Amino acid sequence: MKLIGVLGGTFDPIHNGHIRVGLEVAEALSLEEVRLIPLNIPNHRALPEATALDRCKMISSVETCPLVLDDVEIKRGGVSYSIDTLEYLKKELVGCALCLILGADAFRSIKSWHRVDDLFSLTNVVVVARRGTAAIEQDGSYLDLGGEHTENPEDLKSSCGFVYFMDTPIIQVASSQIREKIKLGRSITGLVPIQVEKIISEKRLYKNG
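Residues numbered from 1 in each chain as written. Predicted model: local features only at pLDDT ≥ 70, side-chain atom pairs only at ≥ 80, totals over all residues. Heavy atoms only, no water.

Caption draft 1: Structural context of the pattern of salt bridges. Counted under the stated rule, the structure contains 14 salt bridges. Arg35 is the salt-bridge partner of Asp70, the closest N and O atoms lying 2.8 Å from each other. Of this pair, Asp70 sits in the loop between β3 (67-69) and α3 (72-76) while Arg35 sits in strand β2 (residues 33-38); the two residues are 35 residues apart in sequence, bridging distant segments of the chain. Across the pair, Arg35 and Asp70 agree in class, each one buried. Within the structure, one salt-bridge network assembled from shared partners comprises Asp12, Glu49, Arg179 and Lys183. (Salt bridge = Lys/Arg side-chain N within 4 Å of Asp/Glu carboxyl O. Helix = DSSP H or I, 4+ residues; strand = E, 2+ residues; numbered from the N terminus. Buried < 20%, exposed > 50% of the residue type's maximum accessible area, 1.4 Å probe, protein only.)

What follows is the structure in structure tokens.
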């Protein structure tokens, strides 16, 4: 069974940390592709500063196998919920297993997600962290939601409902930090791909607000 990674976020803007995580997980788990899915309207955070079109354009500029843009949440409109996207992908990608890629903070908050009781019937979850995942593994609260811990990547190919913890050399950068640097007139070279920096400059994104 082919493995498809799902990496969502505002991508406001997409940066080298997003890209590195996607590539690290894809290489470690032999993912067929990683779908970069920009949300439309967030449920628990402020609205993105860049338009959906500009965010998609920035993601498209860095598409490289196995990273691909999927604008399903933009097209669907309204508030973006991961569960709706996973249901859509499950129907679209027949014969594939999904791996939802989450950072440690997002995974810790998973119990507050919309329709979280249905999550593990649709996908596996890959939790990435830079300084070891032992503390997150020991939490175990996800077990009450139907998740099952595995240390065998092969389990991810045969079913859904598994949680796999992965130490990853995450680049410590946040989109909010990048936006702040731009507002202050500081350089963002090295934080985002050159193509993204060019789009931000040409369209004068994040200059106001």
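Caption draft 2: Layout of the pairing of strand β1 (residues 2-9). Of all eight residues making up β1, six are buried, and the element is well covered by its neighbours. Relative to strand β4 (residues 96-103), β1 is paired through five bridges, and the arrangement is parallel. Considered in β4, the bridge of Val6 is made with Leu100. Two strands pair when backbone bridges link them, and β1 and β2 are joined in this way by six bridges, in the parallel orientation. Bridging from a neighbouring strand, Gly5 pairs with Val34 of β2. (Pairing = 2+ DSSP bridges.)

Caption draft 3: Representation of the packing of helix α2 (residues 52-61) against helix α9 (residues 194-203). The interhelical angle for the contact between α2 and α9, taken along N-to-C directions, is 150°, at an axis separation of 8 Å. Considering their axes alone, α2 and α9 lie roughly antiparallel with respect to each other. In this structure, α2 crosses over α9, and the sense of that crossing is right-handed. Taken together, the residues of α9 that come into contact with α2 (itself represented by Asp54, Lys57, Met58 and Ser61) are Gln195, Val196, Ile199, Ile200 and Lys203. A breakdown of the residues in the contact of α2 with α9 according to their chemical character gives four nonpolar, two polar and three charged. (Axes fitted to C-alpha atoms, helices over the stretch in contact; angles between N-to-C directions. Parallel < 35°, antiparallel > 145°, perpendicular 65-115°, else oblique. Left-handed = near helix turned anticlockwise from the far one by under 90°. Contact = heavy atoms within 4.5 Å. Nonpolar A, V, L, I, M, F, W, Y, C, P; charged D, E, K, R; others polar.)

Caption draft 4: Representation of the side chain of Asp54 within the structure. Mapped onto the secondary structure, Asp54 falls in helix α2. Setting aside anything within four residues of it in sequence, one finds Asp54 in contact with Lys203 and Leu205.

Caption draft 5: Representation of the environment of Ile19. Residue placement: Ile19 occurs in helix α1 (residues 16-29). A residue is classified by how much of its surface remains accessible, and Ile19, at 14% relative accessible area, is buried. For the pair Ile19 and Leu89, spaced 70 residues apart in the sequence, the C-alpha separation amounts to 21 Å. The contacts of Ile19, once residues within four sequence positions are left out, are Ile14, Val62, Leu67 and Pro193.

Caption draft 6: Broad picture of the packing of aromatic side chains. Taken as a whole and assessed by the stated rule, the structure comprises one aromatic pair. Consider the rings of Phe107 and Phe165, whose centres lie 5.8 Å apart with planes at 85°: the pair is edge-to-face. Here Phe165 lies in strand β7 (residues 162-167) and Phe107 lies in helix α5 (residues 104-108), a separation of 58 residues in the sequence. According to the relative accessible area criterion, Phe165 is buried, its value standing at 9%. (Phe/Tyr/Trp six-rings, centres within 6.5 Å; stacked < 30°, edge-to-face > 60°.)

Caption draft 7: Layout of the pairing of strand β5 (residues 124-129). Counting buried positions over the six residues of β5 gives six, a clear majority of the element. Residue alternation in β5 divides its side chains into two sets, Asn124, Val126 and Val128 and Val125, Val127 and Ala129, and both sets are buried. Taken together, the five bridges between β4 and β5 define a ladder with parallel strand orientation. Bridge pairing in β5 links Gly103 to Val128.

Caption draft 8: Broad picture of the nonpolar core. Residues Ile14, Val25, Leu31, Met58 and Val126 are the most contacted members of the largest nonpolar core, which totals 38 residues. At six residues, the largest contribution of residues to this core is made by α1. Setting aside its immediate chain neighbours within four residues, Ile14 contacts Ile19, Leu36, Met58, Ile59, Val62, Val192, Pro193 and Val196. Counting 24 residues, the second largest nonpolar core, distinct from the first, contains Ile83, Cys96, Val116 and Leu119. (Core = buried A, V, L, I, M, F, W, Y, C linked by side-chain atoms within 4.5 Å.)

Caption draft 9: Up close: α2. For α2, the set of buried residues is Asp54, Arg55, Cys56, Met58 and Ile59. At its buried positions, α2 is contacted by β2, β3, α3 and α9.

Everything listed is a geometric property; what it means functionally is a separate question.
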